[in-house]
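Reading the structure
This is what each chain is made of:
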Amino acid sequence: LVGYPVFSRNVSFFAKEGDVMTIKHAEFIGTNGSVVLQDGLQIDTYTLPNGGVSVDMRPRFTWHGFQYVSVKASFNFSATVNDFVVNVFHTNLTSTGDISFFGMEEGVDLMNAIVPVIKRTQLNNIAQYFPTDCPTREKHGWLGDAQTTAIEAMFNFDMRAVYDNYLKIITNSQSPNGHIPGAVPMTNDPSKPLNSSKPTDISWTAAFALIPNWVYLHYGDDMIVKKHYPAIKVFIESLLSFGKKEPNSLPNFYTWGDWCAMQARDIATSATGPALASFNFILAMANMASVIGDDVDAKRYSQLASSFREVYPKLYFNTSADIYNGGWDI
């Protein structure tokens, strides 16, 4: 669940002024029956007024993701699950698609059970106004998470307003040199390292170009492309400028290397992920330039994509093994 629990009765009736009630929200419980918190987060503490005064015990500036709730009071009070009502909330999205699996094959029932879990998880990660990595701990607008889930989200919901707002937040976080952070919102203060260091991991920041292109492909709506293309172009050109220092000018900057799933990152060839992302965002730029009628950009980015298509296997394909980099990365 994502939201917050509230009492169905006035708990301050049992308290005196200054008494405290603490509510902890968790996804797991330990072997001793206590809730297990992540990094000590998702704890709401309320200081109560005089007994009998109605108290609105709801968090004002956050939300929680949880399966279990622990309640502790500094006064004599007991409660059962029937004393709670959970306010579940998320951005109001229109459902645009569904999928059902049929047949006698093993796994059909499992697949049908997974579909509503995916949809609920997606809604849980749009609890407010932009996609997040989780509704529990960070609640950050990580670009890598948004990119990974974007196509799924667009198959299931009308995401245009959400992504329009998300791209606006990215633009507001963009530094003067064109760089964007891996998670938003973020400061664009010129004195911060974002302006002087290498760009953030391209496998994350490529979302800035990929998501608006996917929005156009899924909905046929060019408004988002037209609106955000100038800022996206500044970002892409900053990457290409840095890329000139890389082999064959293919941008391959990375920070996290989460795609290296089977080997340590210092062993695997981590650059395969961002390099592939660079190829994909250049293809997206060529398509978006065509959408807005910029034939010069469309031709340039198409030619660049063609050159990257030839460069990528030269850099990363292991011809002796007939696979990419030992097969660890792709």
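In case you missed it, the structure is sitting above this.
Residues numbered from 1 in each chain as written. Predicted model: local features only at pLDDT ≥ 70, side-chain atom pairs only at ≥ 80, totals over all residues. Heavy atoms only, no water.

Focus: the overall build of the chain
Note the cut-off: Helix and strand assignments come from DSSP, with helices taken as H or I runs of at least 4 residues and strands as E runs of at least 2, each series counted from the N terminus. Exposed residues in this analysis have more than 50% of their type's maximum accessible area, buried residues have under 20%, and partly exposed residues fall in between, with area computed by a 1.4 Å probe over protein chains only. For this analysis, residues touch if any pair of their heavy atoms sits within 4.5 Å. We get accessible surface area from the Shrake-Rupley algorithm with a probe of 1.4 Å; when it comes to residues, only the shown protein chains can shield them.
Helix and strand counts for the chain come out as 8 helices and 12 strands. In terms of overall dimensions, the chain has C-alpha extents of about 70 × 55 × 40 Å along its principal axes. Considering the chain as a whole, with its 330 residues, one finds that 44% of them fall into the buried category. A separation of at least 24 residues holds for 69% of the contacts in the chain among residues at least 6 apart in sequence. Surface exposure of the chain reaches about 17,200 Å², of which carbon and sulfur atoms provide 54%.

Considerations on the layout of surface pockets
One way to see where empty space is left: roll a probe the size of a water molecule over the atoms. What counts, and what does not: A pocket, in this scheme, is an open set of points on a 1 Å grid over the protein atoms alone with protein on both sides within 12 Å along at least 5 of 7 lines, while a cavity is a set where a 1.4 Å probe fits but cannot get out; residues line either one if an atom lies within 4 Å of a point. Grid points are joined across faces, edges and corners, and a volume is the space filled by probe spheres set on the points. All amino acids are sorted into three groups, where Ala, Val, Leu, Ile, Met, Phe, Trp, Tyr, Cys and Pro are nonpolar, Asp, Glu, Lys and Arg are charged, and the leftover types, Gly among them, are polar.
By volume, the second largest pocket amounts to about 320 Å³. If you go around the second largest pocket, you meet 17 residues; those closest to its centre are Val69, Val71, Thr80, Val81 and Phe84. Of all the secondary-structure elements, those providing two or more residues to the lining of the second largest pocket are β7 (68-73) and β8 (84-88). Sorting elements by how many residues they give to the lining of the second largest pocket places β7 first, with 5 residues. A class-by-class count of the residues in the lining of the second largest pocket yields 13 nonpolar, 3 polar and 1 charged.

Overview of the sheet that holds β7
Stated precisely, the cut-off is as follows: Following DSSP output, two strands are said to pair if at least two bridges run between them. Orientation is described by lines fitted to C-alpha atoms, with helices fitted over the stretch in contact, and by angles between N-to-C directions that extend from 0 to 180 degrees.
Read across the sheet, 3 strands follow the order β5-β2-β7 without closing on themselves; strand pairing throughout is antiparallel. Bordering the open sheet on either side are β5 (43-47) and β7, each of which pairs with just one other strand. Sheet twist, expressed as the average angle between the axes of neighbouring strands with direction ignored, equals 15°. Where strand β2 (residues 20-26) meets β5, 5 bridges bridge the pair, whose relative direction is antiparallel. From the neighbouring strand, threonine 22 faces β5, where its bridge partner is threonine 45.

Section: the environment of alanine 286
Structurally, alanine 286 can be placed in helix α7 (residues 272-291). Here the alpha-carbon distance between alanine 286 and asparagine 213, two residues 73 residues apart in the chain, equals 9.8 Å. Once residues lying within four places of it in the same chain are set aside, the contact partners of alanine 286 are Ala298, Tyr301 and Ser302.

A few points about the pattern of salt bridges
Keep this limit in mind: A pair is scored as a salt bridge if a Lys or Arg side-chain nitrogen falls within 4 Å of a carboxyl oxygen belonging to Asp or Glu.
The full count for this structure, using the stated rule, is 12 salt bridges. The residue aspartate 221 makes a salt bridge to arginine 160 at a minimum N-O spacing of 3.4 Å. Taken as a pair, aspartate 221 in the loop between α5 (207-219) and α6 (223-243) and arginine 160 in helix α3 (residues 160-172) lie far apart in primary sequence, 61 residues in all. On the basis of relative accessible area, arginine 160 is assigned to the partly exposed category, the value being 28%. Ionic pairing is found between lysine 227 and aspartate 164, a salt bridge with its closest N-O pair at 3.1 Å. Here lysine 227 is found in helix α6, whereas its partner aspartate 164 is found in helix α3, with 63 residues between them in sequence. For aspartate 164, a relative accessible area of 12% puts it in the buried group.

Some details on a nonpolar patch on the surface
Heads up, the condition is: Patch membership needs two things, relative accessible area over 30% and no salt bridge, and members are linked within 9 Å if like-charged or within 5 Å if nonpolar (Val, Leu, Ile, Met, Phe, Trp, Tyr).
Nonpolar side chains collect at one region of the surface, where Leu110, Met111, Ile114 and Ile118 lie side by side and expose about 330 Å² of accessible area between them. With relative accessibility at 33%, the residue isoleucine 114 sits in the partly exposed group.

Digging into empty space enclosed by the protein
Counted under the stated rule, the structure contains 1 cavity of 30 Å³ or more. Here the largest cavity defines a volume of roughly 50 Å³. When its residues are assigned to classes, the lining of the largest cavity shows 2 nonpolar, 4 polar and 2 charged.

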